[in-house]
Amino acid sequence: MFPLILVLLLALILFGAGFALKALWWIAVIVLVVWLLGFVIRPAASGGRKGRWYRW
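For clarity, every value in this text was computed on a predicted model and none was experimentally measured. (Residues numbered from 1 in each chain as written. Predicted model: local features only at pLDDT ≥ 70, side-chain atom pairs only at ≥ 80, totals over all residues. Heavy atoms only, no water.)

**Some details on the overall build of the protein chain**
Assigned secondary structure in the protein chain consists of one helix and zero strands. Relative to its 56 residues, the protein chain shows a buried fraction of 4%. Of the roughly 5,500 Å² of accessible surface on the protein chain, a fraction of 80% belongs to carbon and sulfur atoms. (Helix = DSSP H or I, 4+ residues; strand = E, 2+ residues; numbered from the N terminus. Buried < 20%, exposed > 50% of the residue type's maximum accessible area, 1.4 Å probe, protein only. Areas by Shrake-Rupley, 256 points an atom, 1.4 Å probe, with all protein chains shown as cover.)

**Considering a nonpolar patch on the surface**
A grouping of Trp26, Val29, Leu32, Val33, Trp35, Leu36, Leu37, Phe39, Val40 and Ile41 is seen on the molecular surface, where their side chains present a nonpolar patch of about 1,000 Å² in accessible area. Along the chain, the position of Phe39 falls in helix 1 (residues 2-40). (Patch = residues over 30% accessible without salt bridge, like charges linked within 9 Å, V, L, I, M, F, W, Y side chains within 5 Å. Salt bridge = Lys/Arg side-chain N within 4 Å of Asp/Glu carboxyl O.)

Taken by themselves, the reported measurements are silent on function.
What follows is the structure in structure tokens.
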């Protein structure tokens, strides 16, 4: 009985880790798209130059 519970617990942990890693990949892709859009859509700064859309 104990090995069966151990295998089921291991499968549950691996399923949870896989779901979390997949969610983190999607978040990373969304952040990358927003970052790339920041280079395309930049407001004009003073002097007619293109400014940065972020403050750092």
